Amino acid sequence: MGDDEHDKIAWEVYCACRVSDTLYALNPFLTQQNFYSQQLRALALVAVLARKLAPGKRNVCIVGAGIAGRTLAAGFASLGASVRLIEARRTPFERYRNAAHRELHPNIIFWPAQHPTPATALPFLNWAQATADEVVEDIQKEWASGFANKVSLIHDQVTAVHHDAAGITMDLKNGEPIEADLAVLATGFKAERGFGTLDSPSYWSPNAVADESRAILVSGSGDGGLIDVLSPILGTRVTRAAHMLAVALSDSPLKEDVEKVEAERTSKMIAGTRDSEDPCDFYRRVQFAQETQDRLSSLAGSDEHLSSRKITLLYQSVSPYSFTAAPINKLLLAYFSNGPRKYVKSVKGELRNGAGRHMMASEDGDSEPVDPPSSFDRVIVRHGAEPAAADLLTRAELASLKVKAVEHSAAADVKDYDKTIFRWTKDGMRKSGVRLEVMTRAIHRTLNHVASAYDLIILNSIIVDECFTNGRPIKIQLGADDRKKAEQLRLFPLRMGPTTVRIGSVNIHRNRPLDDEA
Ligand SMILES: Cc1cc2nc3c(=O)[nH]c(=O)nc-3n(C[C@H](O)[C@H](O)[C@H](O)COP(=O)(O)OP(=O)(O)OC[C@H]3O[C@@H](n4cnc5c(N)ncnc54)[C@H](O)[C@@H]3O)c2cc1C
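Residues numbered from 1 in each chain as written. Predicted model: local features only at pLDDT ≥ 70, side-chain atom pairs only at ≥ 80, totals over all residues. Heavy atoms only, no water.

Draft legend 1. Seen up close, the nonpolar core. Membership of the largest hydrophobic core comes to 127 residues, with the highest contact counts inside it found for Leu 45, Ile 62, Leu 72, Phe 76, Leu 331 and Phe 492. In contact with Ile 62, other than residues within four places in its own chain, are Gly 69, Leu 72, Ala 73, Phe 76, Val 83, Arg 84, Leu 85, Ile 86, Val 184 and Ala 186. The next biggest cluster of nonpolar side chains, apart from the first, holds 20 residues, and it includes Ala 25, Met 170, Ala 389 and Leu 398. (Core = buried A, V, L, I, M, F, W, Y, C linked by side-chain atoms within 4.5 Å. Buried < 20%, exposed > 50% of the residue type's maximum accessible area, 1.4 Å probe, protein only. Contact = heavy atoms within 4.5 Å.)

In C-alpha coordinates form, the structure reads like this:
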(Lines give C-alpha, C1' and ligand atoms only; values in the text may rest on other atoms or scores of the structure.)
Protein backbone atom coordinates (compact mmCIF):
# COMPACT_ATOMS: atom_id res chain seq x y z
CA MET A 1 0.00 0.00 0.00
CA GLY A 2 1.65 3.27 -1.11
CA ASP A 3 1.41 6.73 0.39
CA ASP A 4 -1.26 7.71 -2.10
CA GLU A 5 -3.46 4.89 -0.83
CA HIS A 6 -2.90 6.02 2.77
CA ASP A 7 -3.88 9.51 1.75
CA LYS A 8 -7.00 8.16 0.04
CA ILE A 9 -8.22 6.44 3.23
CA ALA A 10 -7.41 9.53 5.29
CA TRP A 11 -9.29 11.66 2.77
CA GLU A 12 -12.36 9.40 3.00
CA VAL A 13 -12.29 9.73 6.80
CA TYR A 14 -11.97 13.51 6.45
CA CYS A 15 -14.96 13.67 4.08
CA ALA A 16 -17.05 11.41 6.35
CA CYS A 17 -16.35 13.62 9.39
CA ARG A 18 -16.62 17.12 7.88
CA VAL A 19 -19.52 19.23 9.19
CA SER A 20 -18.10 22.56 7.91
CA ASP A 21 -14.69 24.09 7.18
CA THR A 22 -14.13 24.61 10.90
CA LEU A 23 -16.21 21.88 12.57
CA TYR A 24 -15.67 18.11 12.34
CA ALA A 25 -17.19 15.14 14.17
CA LEU A 26 -15.79 11.62 14.35
CA ASN A 27 -18.70 10.25 12.41
CA PRO A 28 -20.87 8.17 14.80
CA PHE A 29 -22.63 6.50 11.86
CA LEU A 30 -19.54 4.86 10.38
CA THR A 31 -19.84 1.13 10.99
CA GLN A 32 -17.11 -1.11 12.44
CA GLN A 33 -16.56 1.09 15.46
CA ASN A 34 -14.38 0.03 18.35
CA PHE A 35 -11.54 1.50 20.43
CA TYR A 36 -8.89 0.77 17.79
CA SER A 37 -10.83 1.90 14.72
CA GLN A 38 -11.76 5.13 16.51
CA GLN A 39 -8.05 5.74 17.10
CA LEU A 40 -7.18 4.99 13.48
CA ARG A 41 -9.91 7.31 12.23
CA ALA A 42 -8.73 10.00 14.64
CA LEU A 43 -5.18 9.76 13.27
CA ALA A 44 -6.42 9.80 9.69
CA LEU A 45 -8.44 12.93 10.39
CA VAL A 46 -5.50 14.66 12.06
CA ALA A 47 -3.30 13.76 9.09
CA VAL A 48 -5.55 15.70 6.70
CA LEU A 49 -6.59 18.54 9.01
CA ALA A 50 -3.01 19.28 10.06
CA ARG A 51 -2.21 20.21 6.46
CA LYS A 52 -5.17 22.56 6.42
CA LEU A 53 -4.25 24.48 9.56
CA ALA A 54 -2.95 27.82 8.31
CA PRO A 55 -0.05 29.44 10.19
CA GLY A 56 -1.44 31.52 13.07
CA LYS A 57 -4.67 29.49 12.94
CA ARG A 58 -3.58 26.46 14.91
CA ASN A 59 -5.87 26.74 17.88
CA VAL A 60 -7.72 23.39 18.05
CA CYS A 61 -10.47 22.27 20.41
CA ILE A 62 -11.48 18.62 20.90
CA VAL A 63 -14.72 17.74 22.67
CA GLY A 64 -14.70 14.42 24.58
CA ALA A 65 -11.67 12.82 26.25
CA GLY A 66 -12.48 9.19 25.43
CA ILE A 67 -10.07 7.07 23.41
CA ALA A 68 -10.90 8.99 20.21
CA GLY A 69 -10.62 12.46 21.74
CA ARG A 70 -7.29 11.69 23.39
CA THR A 71 -5.85 10.25 20.18
CA LEU A 72 -6.97 13.36 18.28
CA ALA A 73 -5.52 15.65 20.94
CA ALA A 74 -2.22 13.72 21.06
CA GLY A 75 -2.03 13.83 17.26
CA PHE A 76 -2.62 17.57 16.96
CA ALA A 77 -0.28 18.29 19.89
CA SER A 78 2.45 16.18 18.25
CA LEU A 79 2.17 18.39 15.20
CA GLY A 80 2.62 21.55 17.22
CA ALA A 81 -1.00 22.78 17.36
CA SER A 82 -2.31 24.44 20.50
CA VAL A 83 -4.88 21.92 21.81
CA ARG A 84 -7.68 22.14 24.34
CA LEU A 85 -9.58 18.99 25.28
CA ILE A 86 -12.99 19.45 26.92
CA GLU A 87 -14.48 16.59 28.93
CA ALA A 88 -17.78 16.59 30.82
CA ARG A 89 -16.85 13.85 33.30
CA ARG A 90 -14.42 14.33 36.19
CA THR A 91 -12.95 10.83 36.19
CA PRO A 92 -10.89 9.87 33.13
CA PHE A 93 -12.54 7.11 31.09
CA GLU A 94 -15.27 6.92 33.73
CA ARG A 95 -17.48 4.47 31.81
CA TYR A 96 -14.75 1.84 31.42
CA ARG A 97 -12.95 2.16 34.76
CA ASN A 98 -14.76 -0.71 36.45
CA ALA A 99 -15.16 -2.93 33.39
CA ALA A 100 -12.89 -5.76 34.56
CA HIS A 101 -15.48 -8.17 33.09
CA ARG A 102 -14.98 -7.01 29.47
CA GLU A 103 -11.87 -7.91 27.54
CA LEU A 104 -10.98 -5.63 24.64
CA HIS A 105 -9.15 -6.83 21.54
CA PRO A 106 -7.89 -4.36 18.94
CA ASN A 107 -9.31 -5.93 15.80
CA ILE A 108 -10.97 -9.31 16.34
CA ILE A 109 -14.32 -7.85 15.26
CA PHE A 110 -12.82 -7.07 11.83
CA TRP A 111 -11.94 -10.68 11.04
CA PRO A 112 -11.93 -12.05 8.31
CA ALA A 113 -11.08 -8.71 6.66
CA GLN A 114 -8.19 -8.29 9.08
CA HIS A 115 -5.90 -10.86 10.66
CA PRO A 116 -6.35 -10.61 14.45
CA THR A 117 -3.41 -9.05 16.30
CA PRO A 118 -3.53 -8.72 20.08
CA ALA A 119 -1.80 -5.31 20.16
CA THR A 120 -2.35 -2.01 18.38
CA ALA A 121 0.20 -0.56 15.97
CA LEU A 122 -0.15 3.19 16.42
CA PRO A 123 2.44 5.95 16.73
CA PHE A 124 1.37 6.43 20.39
CA LEU A 125 -1.36 5.47 22.90
CA ASN A 126 -0.90 1.79 22.08
CA TRP A 127 -2.60 -0.96 24.07
CA ALA A 128 -3.00 -4.72 24.02
CA GLN A 129 -5.74 -7.28 24.54
CA ALA A 130 -6.74 -6.89 28.19
CA THR A 131 -9.76 -6.06 30.28
CA ALA A 132 -11.29 -2.65 29.55
CA ASP A 133 -10.26 -1.23 32.94
CA GLU A 134 -6.65 -2.26 32.28
CA VAL A 135 -6.67 -0.84 28.76
CA VAL A 136 -7.88 2.59 29.87
CA GLU A 137 -5.42 2.59 32.76
CA ASP A 138 -2.57 2.01 30.30
CA ILE A 139 -3.80 4.76 28.00
CA GLN A 140 -4.16 7.06 30.99
CA LYS A 141 -0.57 6.29 32.10
CA GLU A 142 0.88 7.10 28.69
CA TRP A 143 -1.31 10.17 28.49
CA ALA A 144 -0.10 11.41 31.91
CA SER A 145 3.57 10.98 31.08
CA GLY A 146 3.50 11.79 27.38
CA PHE A 147 0.74 14.29 26.63
CA ALA A 148 -0.80 15.83 29.76
CA ASN A 149 1.70 18.69 29.63
CA LYS A 150 1.06 19.33 25.92
CA VAL A 151 -2.75 19.46 26.00
CA SER A 152 -4.92 21.71 28.12
CA LEU A 153 -7.69 19.54 29.65
CA ILE A 154 -10.84 21.41 30.67
CA HIS A 155 -13.47 19.69 32.80
CA ASP A 156 -16.78 21.05 31.60
CA GLN A 157 -19.70 20.09 29.40
CA VAL A 158 -20.04 21.70 25.98
CA THR A 159 -23.68 22.74 25.65
CA ALA A 160 -23.65 24.38 22.19
CA VAL A 161 -21.30 24.79 19.24
CA HIS A 162 -21.44 27.85 16.93
CA HIS A 163 -19.35 27.69 13.80
CA ASP A 164 -18.69 29.81 10.72
CA ALA A 165 -15.85 30.24 8.27
CA ALA A 166 -13.89 32.35 10.78
CA GLY A 167 -13.88 29.77 13.55
CA ILE A 168 -15.73 28.16 16.45
CA THR A 169 -17.32 29.28 19.69
CA MET A 170 -18.36 26.69 22.26
CA ASP A 171 -20.71 27.35 25.14
CA LEU A 172 -19.83 25.56 28.36
CA LYS A 173 -22.16 24.52 31.16
CA ASN A 174 -20.06 26.15 33.87
CA GLY A 175 -17.24 28.18 32.32
CA GLU A 176 -16.88 31.06 29.87
CA PRO A 177 -17.36 30.27 26.13
CA ILE A 178 -14.28 28.98 24.35
CA GLU A 179 -13.07 30.08 20.91
CA ALA A 180 -11.02 28.02 18.50
CA ASP A 181 -9.93 27.98 14.85
CA LEU A 182 -11.10 24.41 14.45
CA ALA A 183 -13.00 21.86 16.56
CA VAL A 184 -13.57 18.12 16.44
CA LEU A 185 -16.41 16.39 18.29
CA ALA A 186 -15.32 13.04 19.72
CA THR A 187 -18.31 12.68 21.98
CA GLY A 188 -19.07 8.98 21.49
CA PHE A 189 -22.43 7.59 22.54
CA LYS A 190 -24.96 8.39 25.26
CA ALA A 191 -26.10 5.80 27.80
CA GLU A 192 -27.49 2.66 26.15
CA ARG A 193 -31.21 2.45 25.40
CA GLY A 194 -33.11 0.55 28.05
CA PHE A 195 -36.62 -0.85 27.85
CA GLY A 196 -39.43 0.45 30.06
CA THR A 197 -38.57 0.02 33.71
CA LEU A 198 -36.51 -3.13 33.17
CA ASP A 199 -33.36 -2.97 35.24
CA SER A 200 -30.73 -3.74 32.59
CA PRO A 201 -27.20 -2.70 33.56
CA SER A 202 -24.95 -0.85 31.11
CA TYR A 203 -22.61 -3.05 29.05
CA TRP A 204 -19.62 -1.61 30.94
CA SER A 205 -21.02 -1.81 34.48
CA PRO A 206 -19.49 -4.58 36.62
CA ASN A 207 -22.83 -6.33 37.23
CA ALA A 208 -23.58 -6.53 33.49
CA VAL A 209 -22.58 -10.16 33.03
CA ALA A 210 -25.19 -12.68 34.08
CA ASP A 211 -22.64 -15.20 35.38
CA GLU A 212 -24.61 -17.36 37.71
CA SER A 213 -28.23 -16.56 36.87
CA ARG A 214 -30.04 -19.71 35.79
CA ALA A 215 -32.36 -18.16 33.22
CA ILE A 216 -31.10 -15.22 31.18
CA LEU A 217 -32.79 -13.25 28.43
CA VAL A 218 -30.65 -11.05 26.19
CA SER A 219 -32.53 -8.77 23.82
CA GLY A 220 -30.65 -7.54 20.72
CA SER A 221 -28.54 -9.26 18.07
CA GLY A 222 -25.76 -6.66 17.68
CA ASP A 223 -22.30 -7.31 19.10
CA GLY A 224 -23.35 -6.25 22.62
CA GLY A 225 -26.19 -8.81 22.63
CA LEU A 226 -24.06 -11.59 21.13
CA ILE A 227 -21.25 -11.01 23.64
CA ASP A 228 -23.79 -11.12 26.46
CA VAL A 229 -25.19 -14.51 25.46
CA LEU A 230 -21.64 -15.81 25.11
CA SER A 231 -20.39 -14.37 28.42
CA PRO A 232 -22.31 -16.79 30.68
CA ILE A 233 -20.74 -19.63 28.63
CA LEU A 234 -17.19 -18.40 28.15
CA GLY A 235 -16.81 -15.90 31.02
CA THR A 236 -14.05 -13.38 30.28
CA ARG A 237 -12.65 -15.84 27.71
CA VAL A 238 -15.01 -14.68 24.92
CA THR A 239 -12.25 -12.64 23.29
CA ARG A 240 -9.68 -15.37 23.67
CA ALA A 241 -12.09 -17.90 22.13
CA ALA A 242 -12.74 -15.47 19.28
CA HIS A 243 -9.02 -14.98 18.61
CA MET A 244 -8.40 -18.73 18.72
CA LEU A 245 -11.31 -19.44 16.36
CA ALA A 246 -10.30 -16.71 13.89
CA VAL A 247 -6.75 -18.05 13.69
CA ALA A 248 -7.97 -21.66 13.38
CA LEU A 249 -10.25 -20.71 10.47
CA SER A 250 -7.78 -18.43 8.70
CA ASP A 251 -6.33 -21.24 6.58
CA SER A 252 -9.63 -23.06 6.14
CA PRO A 253 -12.12 -22.67 3.27
CA LEU A 254 -14.60 -21.49 5.93
CA LYS A 255 -12.86 -18.12 5.96
CA GLU A 256 -13.77 -17.56 2.31
CA ASP A 257 -17.29 -18.80 2.97
CA VAL A 258 -17.71 -16.22 5.73
CA GLU A 259 -16.38 -13.48 3.42
CA LYS A 260 -18.90 -14.46 0.74
CA VAL A 261 -21.82 -14.70 3.17
CA GLU A 262 -21.08 -11.30 4.69
CA ALA A 263 -20.66 -9.70 1.23
CA GLU A 264 -24.02 -11.15 0.21
CA ARG A 265 -25.58 -9.95 3.47
CA THR A 266 -24.36 -6.38 2.98
CA SER A 267 -25.65 -6.36 -0.59
CA LYS A 268 -29.16 -6.96 0.78
CA MET A 269 -29.28 -4.39 3.58
CA ILE A 270 -32.71 -3.08 4.55
CA ALA A 271 -32.59 0.70 3.96
CA GLY A 272 -32.13 2.81 7.07
CA THR A 273 -31.35 -0.19 9.30
CA ARG A 274 -28.36 -2.33 10.21
CA ASP A 275 -30.31 -5.43 9.26
CA SER A 276 -30.30 -7.43 6.02
CA GLU A 277 -33.00 -9.34 4.15
CA ASP A 278 -30.55 -12.23 3.96
CA PRO A 279 -31.04 -14.62 6.93
CA CYS A 280 -27.45 -15.90 6.48
CA ASP A 281 -28.45 -19.52 7.01
CA PHE A 282 -24.83 -20.48 6.45
CA TYR A 283 -24.17 -19.76 10.14
CA ARG A 284 -26.86 -22.22 11.26
CA ARG A 285 -25.20 -25.01 9.30
CA VAL A 286 -21.54 -24.19 9.89
CA GLN A 287 -19.39 -27.01 11.26
CA PHE A 288 -15.88 -26.81 12.64
CA ALA A 289 -13.06 -29.34 12.62
CA GLN A 290 -12.99 -31.60 15.69
CA GLU A 291 -9.80 -29.97 16.99
CA THR A 292 -11.40 -26.52 16.84
CA GLN A 293 -14.54 -27.82 18.57
CA ASP A 294 -12.42 -29.34 21.35
CA ARG A 295 -10.56 -26.11 21.89
CA LEU A 296 -13.77 -24.05 21.99
CA SER A 297 -15.36 -26.50 24.41
CA SER A 298 -12.27 -26.39 26.64
CA LEU A 299 -12.74 -22.62 27.05
CA ALA A 300 -16.42 -22.97 28.00
CA GLY A 301 -17.76 -23.67 31.49
CA SER A 302 -18.77 -27.19 32.52
CA ASP A 303 -21.30 -28.89 30.26
CA GLU A 304 -23.39 -30.07 33.20
CA HIS A 305 -23.69 -26.55 34.64
CA LEU A 306 -24.41 -24.87 31.30
CA SER A 307 -26.95 -27.48 30.17
CA SER A 308 -29.00 -26.75 33.28
CA ARG A 309 -29.28 -23.07 32.37
CA LYS A 310 -31.65 -21.27 30.04
CA ILE A 311 -29.87 -18.70 27.86
CA THR A 312 -32.21 -16.98 25.40
CA LEU A 313 -31.36 -14.50 22.66
CA LEU A 314 -34.34 -12.40 21.61
CA TYR A 315 -33.85 -10.92 18.14
CA GLN A 316 -35.98 -8.58 16.09
CA SER A 317 -33.74 -8.80 13.03
CA VAL A 318 -34.52 -11.12 10.10
CA SER A 319 -32.39 -13.79 11.80
CA PRO A 320 -29.86 -13.83 14.65
CA TYR A 321 -27.17 -13.64 11.93
CA SER A 322 -28.61 -11.04 9.54
CA PHE A 323 -27.77 -8.02 11.69
CA THR A 324 -24.51 -6.06 11.41
CA ALA A 325 -22.36 -7.77 14.04
CA ALA A 326 -18.85 -9.20 13.94
CA PRO A 327 -18.71 -12.46 11.93
CA ILE A 328 -16.54 -14.05 14.60
CA ASN A 329 -19.22 -13.43 17.24
CA LYS A 330 -21.82 -14.94 14.91
CA LEU A 331 -19.65 -18.05 14.52
CA LEU A 332 -19.32 -18.40 18.29
CA LEU A 333 -23.09 -17.98 18.67
CA ALA A 334 -23.59 -20.63 15.98
CA TYR A 335 -21.29 -23.09 17.76
CA PHE A 336 -23.04 -22.68 21.11
CA SER A 337 -26.50 -22.80 19.48
CA ASN A 338 -26.15 -25.59 16.92
CA GLY A 339 -22.95 -27.48 17.71
CA PRO A 340 -22.59 -30.36 20.16
CA ARG A 341 -22.93 -27.87 23.01
CA LYS A 342 -26.31 -26.23 22.47
CA TYR A 343 -26.70 -23.67 25.24
CA VAL A 344 -28.33 -20.70 23.47
CA LYS A 345 -31.88 -20.67 22.18
CA SER A 346 -32.68 -17.83 19.77
CA VAL A 347 -36.24 -16.53 19.64
CA LYS A 348 -37.54 -14.12 17.00
CA GLY A 349 -39.68 -11.48 18.63
CA GLU A 350 -39.51 -8.34 20.72
CA LEU A 351 -39.91 -6.89 24.18
CA ARG A 352 -43.34 -5.36 24.77
CA ASN A 353 -45.18 -3.65 27.56
CA GLY A 354 -48.42 -5.45 28.31
CA ALA A 355 -50.85 -5.33 31.23
CA GLY A 356 -48.33 -3.45 33.35
CA ARG A 357 -45.67 -6.10 32.72
CA HIS A 358 -42.74 -6.54 30.39
CA MET A 359 -43.39 -9.37 27.97
CA MET A 360 -41.38 -11.29 25.41
CA ALA A 361 -43.64 -11.51 22.35
CA SER A 362 -42.34 -14.12 19.95
CA GLU A 363 -43.17 -14.11 16.26
CA ASP A 364 -45.21 -17.30 16.48
CA GLY A 365 -47.69 -15.52 18.77
CA ASP A 366 -46.37 -16.77 22.12
CA SER A 367 -45.86 -14.27 24.81
CA GLU A 368 -44.36 -14.68 28.26
CA PRO A 369 -43.56 -12.27 31.07
CA VAL A 370 -39.87 -11.51 31.40
CA ASP A 371 -39.71 -9.48 34.59
CA PRO A 372 -37.73 -11.30 37.19
CA PRO A 373 -38.78 -13.35 39.11
CA SER A 374 -41.10 -14.63 36.32
CA SER A 375 -39.52 -16.55 33.45
CA PHE A 376 -36.04 -15.07 33.72
CA ASP A 377 -33.65 -14.27 36.56
CA ARG A 378 -31.90 -11.66 34.47
CA VAL A 379 -32.95 -9.55 31.48
CA ILE A 380 -30.24 -7.76 29.53
CA VAL A 381 -31.23 -5.15 26.95
CA ARG A 382 -28.64 -4.45 24.24
CA HIS A 383 -30.48 -2.10 21.89
CA GLY A 384 -27.58 0.28 21.13
CA ALA A 385 -27.19 3.95 22.03
CA GLU A 386 -27.73 7.43 20.54
CA PRO A 387 -24.71 9.45 19.42
CA ALA A 388 -23.91 12.21 21.95
CA ALA A 389 -23.17 14.56 19.01
CA ALA A 390 -26.96 14.75 18.53
CA ASP A 391 -27.02 17.25 21.44
CA LEU A 392 -24.51 19.57 19.75
CA LEU A 393 -25.36 19.40 16.04
CA THR A 394 -28.50 20.50 14.23
CA ARG A 395 -30.80 17.83 12.84
CA ALA A 396 -29.64 18.71 9.32
CA GLU A 397 -25.97 18.36 10.31
CA LEU A 398 -26.61 15.01 11.94
CA ALA A 399 -28.61 13.79 8.93
CA SER A 400 -25.79 14.91 6.66
CA LEU A 401 -23.25 12.88 8.71
CA LYS A 402 -25.51 9.85 8.27
CA VAL A 403 -25.46 10.31 4.49
CA LYS A 404 -21.68 10.87 4.48
CA ALA A 405 -21.15 7.65 6.43
CA VAL A 406 -22.73 5.82 3.49
CA GLU A 407 -21.10 7.92 0.74
CA HIS A 408 -17.66 7.55 2.34
CA SER A 409 -18.11 4.06 3.69
CA ALA A 410 -14.51 3.31 2.68
CA ALA A 411 -13.63 5.28 5.82
CA ALA A 412 -15.22 2.49 7.88
CA ASP A 413 -13.28 -0.25 6.14
CA VAL A 414 -10.23 -0.65 8.29
CA LYS A 415 -8.86 -3.55 6.27
CA ASP A 416 -5.58 -1.87 5.47
CA TYR A 417 -5.36 0.55 8.31
CA ASP A 418 -3.03 -1.70 10.23
CA LYS A 419 -0.40 -1.29 7.51
CA THR A 420 -0.75 2.44 7.83
CA ILE A 421 1.65 4.69 9.63
CA PHE A 422 0.52 8.02 8.34
CA ARG A 423 3.04 10.26 6.65
CA TRP A 424 3.38 12.60 9.57
CA THR A 425 4.62 9.82 11.83
CA LYS A 426 7.13 8.46 9.35
CA ASP A 427 10.03 9.86 11.32
CA GLY A 428 9.00 7.64 14.19
CA MET A 429 8.79 8.74 17.77
CA ARG A 430 10.89 11.88 17.37
CA LYS A 431 8.06 13.62 15.60
CA SER A 432 5.32 12.54 17.98
CA GLY A 433 7.28 14.02 20.88
CA VAL A 434 6.73 10.99 23.14
CA ARG A 435 9.81 10.28 25.21
CA LEU A 436 11.52 6.98 24.63
CA GLU A 437 11.13 6.03 28.28
CA VAL A 438 7.33 6.49 28.02
CA MET A 439 7.23 4.36 24.89
CA THR A 440 9.37 1.65 26.43
CA ARG A 441 7.09 1.37 29.45
CA ALA A 442 4.09 1.12 27.14
CA ILE A 443 5.78 -1.71 25.23
CA HIS A 444 6.50 -3.60 28.47
CA ARG A 445 2.86 -3.22 29.53
CA THR A 446 1.70 -4.42 26.12
CA LEU A 447 3.89 -7.51 26.30
CA ASN A 448 2.68 -8.27 29.83
CA HIS A 449 -0.95 -8.08 28.71
CA VAL A 450 -0.43 -10.38 25.73
CA ALA A 451 1.40 -12.83 28.00
CA SER A 452 -1.38 -12.73 30.56
CA ALA A 453 -4.21 -13.01 28.00
CA TYR A 454 -2.71 -16.24 26.62
CA ASP A 455 -0.98 -17.62 29.76
CA LEU A 456 2.53 -17.23 28.36
CA ILE A 457 5.67 -16.79 30.44
CA ILE A 458 8.17 -14.47 28.80
CA LEU A 459 11.54 -15.75 29.97
CA ASN A 460 13.55 -12.86 28.66
CA SER A 461 13.08 -9.81 26.50
CA ILE A 462 15.26 -7.09 25.16
CA ILE A 463 14.31 -3.55 24.39
CA VAL A 464 17.07 -1.32 23.11
CA ASP A 465 16.87 2.26 22.02
CA GLU A 466 17.87 1.57 18.43
CA CYS A 467 14.78 -0.51 17.80
CA PHE A 468 12.71 2.64 17.74
CA THR A 469 14.78 4.44 15.19
CA ASN A 470 16.18 1.74 12.94
CA GLY A 471 13.32 -0.78 13.06
CA ARG A 472 15.39 -3.61 14.58
CA PRO A 473 12.90 -6.03 16.16
CA ILE A 474 12.56 -6.66 19.87
CA LYS A 475 13.22 -10.31 20.68
CA ILE A 476 11.46 -12.27 23.37
CA GLN A 477 12.26 -15.74 24.64
CA LEU A 478 9.57 -18.29 25.45
CA GLY A 479 9.70 -21.86 26.79
CA ALA A 480 9.12 -24.66 24.26
CA ASP A 481 5.41 -25.17 25.09
CA ASP A 482 4.64 -21.47 25.16
CA ARG A 483 6.46 -21.02 21.88
CA LYS A 484 4.27 -23.67 20.30
CA LYS A 485 1.13 -22.06 21.71
CA ALA A 486 2.19 -18.57 20.55
CA GLU A 487 2.92 -19.93 17.09
CA GLN A 488 -0.42 -21.75 16.94
CA LEU A 489 -2.25 -18.57 17.89
CA ARG A 490 -0.05 -16.50 15.58
CA LEU A 491 0.64 -13.95 18.29
CA PHE A 492 4.06 -13.05 16.86
CA PRO A 493 5.59 -11.21 15.11
CA LEU A 494 3.63 -8.49 16.82
CA ARG A 495 3.67 -4.92 15.62
CA MET A 496 3.42 -2.39 18.43
CA GLY A 497 3.57 1.19 17.25
CA PRO A 498 6.89 1.76 15.55
CA THR A 499 8.43 -1.53 16.56
CA THR A 500 8.01 -5.30 16.07
CA VAL A 501 8.32 -8.14 18.56
CA ARG A 502 9.55 -11.54 17.46
CA ILE A 503 10.16 -14.79 19.27
CA GLY A 504 13.86 -15.61 19.22
CA SER A 505 17.08 -15.93 21.14
CA VAL A 506 17.73 -12.92 23.27
CA ASN A 507 21.27 -11.63 23.27
CA ILE A 508 21.42 -9.95 26.65
CA HIS A 509 24.70 -8.23 25.78
CA ARG A 510 22.72 -5.93 23.53
CA ASN A 511 20.65 -4.75 26.46
CA ARG A 512 21.59 -1.20 27.31
CA PRO A 513 20.31 1.23 29.89
CA LEU A 514 17.54 3.48 28.67
CA ASP A 515 18.82 6.53 26.92
CA ASP A 516 15.84 8.81 27.23
CA GLU A 517 15.32 11.40 24.55
CA ALA A 518 14.45 14.67 26.24
C1 LIG B 1 -22.70 -2.26 24.02
C2 LIG B 1 -21.35 -1.83 23.47
C3 LIG B 1 -20.30 -2.74 23.44
C4 LIG B 1 -19.05 -2.37 22.94
N5 LIG B 1 -18.02 -3.28 22.97
C6 LIG B 1 -16.79 -2.92 22.55
C7 LIG B 1 -15.67 -3.80 22.62
O8 LIG B 1 -15.77 -4.94 23.08
N9 LIG B 1 -14.47 -3.39 22.16
C10 LIG B 1 -14.28 -2.13 21.67
O11 LIG B 1 -13.16 -1.79 21.29
N12 LIG B 1 -15.32 -1.28 21.57
C13 LIG B 1 -16.56 -1.63 22.00
N14 LIG B 1 -17.61 -0.76 21.91
C15 LIG B 1 -17.41 0.50 21.23
C16 LIG B 1 -16.60 1.45 22.07
O17 LIG B 1 -17.26 1.67 23.29
C18 LIG B 1 -16.48 2.73 21.30
O19 LIG B 1 -16.02 2.52 20.01
C20 LIG B 1 -15.46 3.64 21.96
O21 LIG B 1 -15.66 3.71 23.33
C22 LIG B 1 -15.63 4.97 21.39
O23 LIG B 1 -14.73 5.84 22.05
P24 LIG B 1 -15.00 7.35 21.88
O25 LIG B 1 -13.82 8.06 22.44
O26 LIG B 1 -15.40 7.63 20.49
O27 LIG B 1 -16.31 7.63 22.78
P28 LIG B 1 -16.55 7.55 24.35
O29 LIG B 1 -15.73 6.52 25.00
O30 LIG B 1 -18.02 7.48 24.53
O31 LIG B 1 -16.03 8.96 24.87
C32 LIG B 1 -16.74 10.15 24.61
C33 LIG B 1 -16.41 11.15 25.69
O34 LIG B 1 -17.02 12.39 25.36
C35 LIG B 1 -17.55 12.98 26.54
N36 LIG B 1 -18.63 13.90 26.12
C37 LIG B 1 -19.78 13.58 25.47
N38 LIG B 1 -20.51 14.69 25.26
C39 LIG B 1 -19.81 15.73 25.77
C40 LIG B 1 -20.05 17.15 25.86
N41 LIG B 1 -21.15 17.69 25.36
N42 LIG B 1 -19.11 17.92 26.47
C43 LIG B 1 -17.97 17.36 26.97
N44 LIG B 1 -17.71 16.05 26.91
C45 LIG B 1 -18.61 15.24 26.32
C46 LIG B 1 -18.05 11.78 27.34
O47 LIG B 1 -18.15 12.10 28.71
C48 LIG B 1 -16.95 10.75 27.06
O49 LIG B 1 -15.92 10.78 28.00
C50 LIG B 1 -18.85 -1.08 22.43
C51 LIG B 1 -19.91 -0.16 22.45
C52 LIG B 1 -21.14 -0.53 22.98
C53 LIG B 1 -22.28 0.50 23.03
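Read on, since the account is not over.
Draft legend 2. Region of the structure containing the state of the cysteines. Counting across every chain of the model gives zero disulfides. With no disulfide of its own, Cys 17 has Cys 15 as its nearest cysteine by sulfur position, at a separation of 9.3 Å. (Disulfide = S-S within 2.5 Å.)

Draft legend 3. Up close: the site of the ligand. The environment of the ligand is made up of 26 residues, and the closest members are Phe 35, Gln 38, Glu 87, Tyr 96 and Val 158. Contacts to the ligand include Ala 88, whose backbone N or O atom sits 3.1 Å from a nitrogen atom. Between the ligand and Tyr 96 there is a distance of 2.5 Å, counted from an oxygen atom to a side-chain nitrogen or oxygen. Protein contact buries 83% of the 990 Å² of open area that the ligand shows by itself. Taken together, the residues that form the shell around the ligand break down as 14 nonpolar, eight polar and four charged. (Near = heavy atom within 4 Å. Polar contact = N/O pair within 3.5 Å; in protein donor to acceptor, adjacent residues only side chain to side chain. Areas by Shrake-Rupley, 256 points an atom, 1.4 Å probe, with all protein chains shown as cover. Nonpolar A, V, L, I, M, F, W, Y, C, P; charged D, E, K, R; others polar.)

Draft legend 4. Structural detail: the sheet that holds strand S9 (residues 178-180). One open sheet accounts for three strands, arranged S7-S8-S9; its pairing is antiparallel. Because the sheet does not close on itself, it has two edges, and the strands there are strand S7 (158-164) and S9. The average angle at which neighbouring strand axes cross in this sheet is 20°, direction not considered. Sheet analysis places strand S8 (residues 167-172) next to S9, joined by three bridges and oriented antiparallel. Residue pairing for S9: Thr 169 is matched across the bridge by Glu 179. (Pairing = 2+ DSSP bridges. Helix = DSSP H or I, 4+ residues; strand = E, 2+ residues; numbered from the N terminus. Axes fitted to C-alpha atoms, helices over the stretch in contact; angles between N-to-C directions.)

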